[in-house]
Structure formats: structure tokens, C-alpha cells
Amino acid sequence: DWPGAVLRATKVYVEASETEAEEILPAMAFEREDLVSCYVCQGVRVWSDFRIRDDGHGRLLISAPDRQADDLGRIVQRLQELGNYRNLALVGLPPVQRLMPELNTLEAQLAAYVQALADDAEHDDEGLLGDLSKVSAELARLRAENSYRTSASRAYAQIAADRLDGLGVEPIDGFQSLTDFTERRLVPANRTIETFVSRLQRLSERSGDAIALLNTRIDTRIKAQNLELLRSMESTFNLQLRLQNLVELLSVIAASYYAVALIAYMA
């Protein structure tokens, strides 16, 4: 009846010796092909198949000869923390797997737009800029929505690896070790998340570079148009100046003509 969701539930059975633990091992009903058994913390043996039973719990069997209660408590806590952090590290995997097709679609769109940008044919640069901006906005949304989850998954994976190193796992022939079990599940998931984050970052950078290049091309074209406009204005100004000079010259000629005529009339 506790609030929240159950992340992991385990029933832990502790025996004083390995012989006593092996006596109750058949009652645990572990799956032989999935059974994990190894030594941890210098002489403590553990057994588990890490399967969830009908009651919603896993099973963990421990033999801890000559261990004080506080020492045994710390060992059990480390084992539980390893499983907890391993599960927490896997929480970010389903969203990444769900978003992979969307990321593939955005990557294909970006490749098509970049190819269009590289072509020498005439393009609607403003329309292409709008398409690139949409792709960039979608990539930014994916990063904003999943950066916390992916970062947390990587952090939990590192903590799980640290806990695994701290247990000092010693493998036993014929059984999976705790290291094998953890790495088989944690490493592929962690690499998938890292690949997703890396692809998302590279696509964001490529999108930004394409937008910057397109903006440069648009600015260059606008500057060329402005230069042509200035040249046209300069030509118009020169023509107006010549017309003004011609009008002033005609005005001087007309004034001179009237002045000469007036002088001649007075004379």
C-alpha cells in the first residue's frame, strides 16, 4: 500500500554456511540456465536467477560464513544497490528505443535538405531555411525532453559499475557470475543510450551548420542585391546631376542673352 511504483522487490534468504544454503537451493526453484552464482566480498556466495515470481518478488540466496551482522547488512545492501542502480540505468532505454525511428526520419530529412543546399540549381532559400529550422527545432525538442533521462541513465550505469567493482566478484566454474549477468544487460543498454545521445548531438550540430551556411548564402545574395541597387541609384544620381548641370547651363545662357539684349537696348 505504499505510494509510488515498485521498482524492484527481492526476498533475501541468508544462511550461515554454504552447505546449509545448498540444502535449501532446490526449494528456491531457480532456473538452471539463468542461475547466477559467484563469490563476493571475499567468501560470501550468492545464488539468484533474477526472475520475477508470481508474487512480484525476486529471490536471492546468500551464504555468509563467519560474518557479523553489520558486515552482512552492508554486503546485502551493496547487492541490492547493484540491482537497484542497474534497473534505474535501464529506465532510459525504452524511450530511446521509441525515439530511434523519429531520429532516423529527422536524419534523412536533414540529409535531403543539406543535399539541396549543396546543389547549384536555383532554390527557394527562404523555404529551405524554414525546413531546416523545423528540423533543428525538433532536434532541440528531443534533446530537451530526454537529456535529463539519458544523463541519469548514464550516471546510474556508472554507479552500478562502481558497486560491481566494490563487491569484488569471484566467478565459479559452470555458473554465470554477477559481473557477466550485469554486463550482458547493462553494457548494451548503456551503449544504445550513448549512441542515441551522440547521434542527436551530431545532428544538432549539422543542422546548425547548415542553417549558418544557408544564412550566409542568403546574406551574400542580399548584399549583392543591395550593391546592384546602390549602383542603380548611383547611375540615377549621375543622370540627375547631368540634367541639373544642363539646366543650370541653359539658365546661364538665357540670362546672358537677356542681359546682352538689355544692354544693347539701353545703349
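As shown above, the structure is provided for reference.
Reading the values: the criteria
Residues numbered from 1 in each chain as written. Predicted model: local features only at pLDDT ≥ 70, side-chain atom pairs only at ≥ 80, totals over all residues. Heavy atoms only, no water. Phe/Tyr/Trp six-rings, centres within 6.5 Å; stacked < 30°, edge-to-face > 60°. Helix = DSSP H or I, 4+ residues; strand = E, 2+ residues; numbered from the N terminus. Buried < 20%, exposed > 50% of the residue type's maximum accessible area, 1.4 Å probe, protein only. Lys NZ or Arg CZ within 6 Å of the ring centre and 35° of its normal. Salt bridge = Lys/Arg side-chain N within 4 Å of Asp/Glu carboxyl O. Disulfide = S-S within 2.5 Å. Pairing = 2+ DSSP bridges. 1 Å grid on protein atoms, 1.4 Å probe; cavity = no way out; pocket = protein on both sides within 12 Å on 5 of 7 lines; lining within 4 Å. Points joined across faces, edges and corners; volume = space filled by probe spheres on them. Nonpolar A, V, L, I, M, F, W, Y, C, P; charged D, E, K, R; others polar.

> Can you help me understand the packing of aromatic side chains in this one?
We describe a pair of aromatic rings using the distance from one ring centre to the other and the angle between the two ring planes. All chains considered together, the criterion is met by 3 aromatic pairs. Note on Phe50 and Phe181: the rings are 4.3 Å apart at their centroids and 20 degrees apart in plane angle, and the pair reads as stacked. With Phe50 in the loop between strand E3 (44-48) and strand E4 (58-63) and Phe181 in helix H5 (residues 178-266), this pair connects stretches of sequence that are 131 residues apart. For Phe181, a relative accessible area of 4% translates into the label buried. Consider the rings of Tyr85 and Tyr156, whose centres lie 5.9 Å apart with planes at 25 degrees: the pair is stacked. A residue pair is termed long-range when its members are at least 10 positions apart, and Tyr85 in helix H2 (residues 69-90) and Tyr156 in helix H4 (residues 125-167) qualify at 71 residues. Above the ring of Tyr39, the side-chain terminus of Arg45 is found at 5.9 Å from the ring centroid.

> Whenever I open this one, the pattern of salt bridges confuses me. Can you help?
When their charged atoms lie close together, side chains carrying opposite charge are able to pair. In the structure shown here, the tally under the stated rule is 13 salt bridges. Taking the shortest distance from any N to any O, the salt bridge between Glu18 and Arg45 comes out at 2.6 Å. Of the two residues, Glu18 is situated in helix H1 (residues 18-28) and Arg45 in strand E3; the sequence distance between them amounts to 27 residues. Looking at Glu18, the relative accessible area reads 24%, which means it is partly exposed. The class for Arg45 is buried, based on a relative accessible area of 7%. A salt bridge links Arg45 to Glu22; the nearest nitrogen and oxygen atoms lie 3.7 Å apart. With a gap of 23 residues between them, Arg45 in strand E3 and Glu22 in helix H1 connect regions that are remote in the sequence. One connected set of salt bridges, linked through shared partners, spans Glu102, Glu138, Arg141 and Glu145.

> Before we go on, may I ask you to explain the state of the cysteines in this structure?
Disulfide: a covalent bond connecting the sulfur atoms of a pair of cysteines. The final tally for this structure, using the stated rule, is 0 disulfides. With no disulfide of its own, Cys38 has Cys41 as its nearest cysteine by sulfur position, at a separation of 10 Å. You can call Cys41 buried: its relative accessible area is 12%.

> Can you help me understand the pairing of strand E2 (residues 36-40) in this one?
Strand residues, when the strand is regular, have side chains that alternate between the two faces of the sheet. Among the 5 residues that make up E2, 4 are buried, leaving the element largely enclosed by the rest of the structure. With 5 bridges connecting them, E2 and E3 associate as antiparallel partners. Note that in E3 the partner of Ser37 across the bridge is Trp47. Taken together, E2 and the strand that follows it, E3, pair antiparallel across an intervening segment of 3 residues, in which Cys41 is found at a positive phi of about 50 degrees.

> I would appreciate a short explanation of the layout of surface pockets in the present structure.
In this approach a probe as big as a water molecule rolls over the atoms, and the regions it shows empty are the leftover space. Size it by volume and the largest pocket reaches roughly 280 Å³. Taken together, 20 residues make up the lining of the largest pocket; nearest its centre are Arg8, Thr10, Phe50, Arg86 and Phe181. Mapped by element, the contributors of at least two residues to the lining of the largest pocket are E3, E4, H2 and H5. Top element by residues in the lining of the largest pocket is H2. It accounts for 7 residues. Per-class residue counts for the lining of the largest pocket are 10 nonpolar, 6 polar and 4 charged. Of the pockets and cavities examined, the second largest pocket occupies roughly 200 Å³. Around the second largest pocket, the lining comprises 13 residues; the ones closest to its centre are Ala157, Ala161, Glu183, Leu186 and Val187. When residues of the lining of the second largest pocket are traced back to their parent elements, those giving at least two are H4 and H5. Among the elements that line the lining of the second largest pocket, the one with the most residues is H4, at 7 residues.

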